[in-house]
Amino acid sequence: MQRLSFATAALLGLLAVVSPALADGGKMPRIISLSGHGEVRSVPDVAYVTSGVLSQGATAAEALAANTTAMTSIFAALKDAGIEDKDIQTSNFSVQPRYDFSNGQAPKLVGYDVTNNVTIKVKKIGDLGAMLDKLVQAGSNQISGVSFDVSKPEEAMDQARKLATEDATRKAKLYAQAMGVELGNVMQVSEGGSAAPPPVPFVRGVAMMKADAAPVPVAAGEQSLAADVNVIWEIKQP
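As the structure is a prediction and not an experimental result, all values here were calculated from the model.

Colleague: Could you clarify how one ought to interpret the nonpolar core in this entry?
Modeller: The tendency in soluble globular proteins is for nonpolar side chains to be buried as a group. Within the largest apolar cluster, 24 residues are counted, with the highest numbers of intra-cluster contacts made by Val49, Leu78, Ile120, Leu128, Met131 and Leu132. For this core, the secondary structure elements donating two or more residues are strand 2 (46–57), helix 2 (60–80), strand 4 (108–122), helix 3 (128–138) and strand 5 (142–149). A per-element tally of this core places helix 3 first, with six residues. Those residues in contact with Leu128, other than ones at most four positions away along the chain, are Ala47, Val49, Val122, Val146, Phe148 and Val218. Among the nonpolar cores identified, the runner-up in size contains 11 residues, and Ala172, Ala176, Val229 and Trp233 belong to it.

Structure (structure tokens):
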């Protein structure tokens, strides 16, 4: 879908370029239109963790009280790990009845489940493993994963744009040489979508983690930042 949108945008841009010439009764200019791709790999410097507690109780109030106690310990552990309040955000809170569907009987209410999850921004990736251990020791029984990101991608993205432009220019010169023509002025430049591929989440089952377990091994790897550009050149008249 993204590639289709990029092609559509390039086509609309081309129509905008040639329309004035056609409106004046002129000939459609001879052009070369090429796209280029640029990619830069950067080391992530920030991580996002979703963690929380699922509590059960015979009543909603009982489950909520247990969950509140556990989440208070979670927040204390995060503060002890140096996480600022602005980097902690509630991402899910729910109270759900729990039913017994066994023995082919009509559903029977047997209790309630309370879930409270927070998304945590970790600015020091080197401390991530120790923080995950702290969360489990504090009572977290839900850690859905870890994702990594580059906090300031502007410089890398600009480099990717330059590489994309160079790629488009290289291909345009190649085509021009093969056809025996010469590139003229650039008529239009348009940028396509640019993004980093979704990171592979790091997941470890919290049920198997113990208070005396070794720190969780975490590898941030690299993140790919990419840019696409479409350039239209006029072909010089012979």
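Colleague: Explanation requested: the pattern of salt bridges in the structure shown.
Modeller: Between side chains of opposite charge, pairing is possible as soon as their charged atoms come close. The final tally for this structure, using the stated rule, is 10 salt bridges. Close ionic contact of Lys123 with Asp87 constitutes a salt bridge, the shortest N to O distance being 3.4 Å. Residue Lys123 is located in the loop between strand 4 and helix 3, and its partner Asp87 is located in the loop between helix 2 and strand 3 (88–100); the two are separated by 36 residues in the primary sequence. Overall, the relative accessible area of 42% leaves Lys123 in the partly exposed class. Residue Asp167 pairs with Arg170 through a salt bridge whose shortest N-O separation is 3.0 Å. In this pair, Asp167 and Arg170 both sit in helix 4 (residues 154–179), three residues apart, roughly one turn of the helix. According to the relative accessible area criterion, Asp167 is buried, its value standing at 16%.

Colleague: I keep staring at helix 3 and nothing clicks. Help me out?
Modeller: The α-helix winds at 3.6 residues per turn, so residues separated by three or four positions along the chain end up facing the same way. In terms of burial, helix 3 is largely enclosed, as eight of its 11 residues are buried. Buried residues of helix 3: Leu128, Gly129, Met131, Leu132, Asp133, Leu135, Val136 and Ala138, and no others. As for helix 3, its buried residues are in contact with strand 2, helix 2, strand 4 and strand 5. Where helix 3 terminates, the next one or two residues include Gly139, which has phi positive at roughly 120°.

Calculation criteria
- Residues numbered from 1 in each chain as written.
- Predicted model: local features only at pLDDT ≥ 70, side-chain atom pairs only at ≥ 80, totals over all residues.
- Heavy atoms only, no water.
- Core = buried A, V, L, I, M, F, W, Y, C linked by side-chain atoms within 4.5 Å.
- Buried < 20%, exposed > 50% of the residue type's maximum accessible area, 1.4 Å probe, protein only.
- Helix = DSSP H or I, 4+ residues; strand = E, 2+ residues; numbered from the N terminus.
- Contact = heavy atoms within 4.5 Å.
- Salt bridge = Lys/Arg side-chain N within 4 Å of Asp/Glu carboxyl O.

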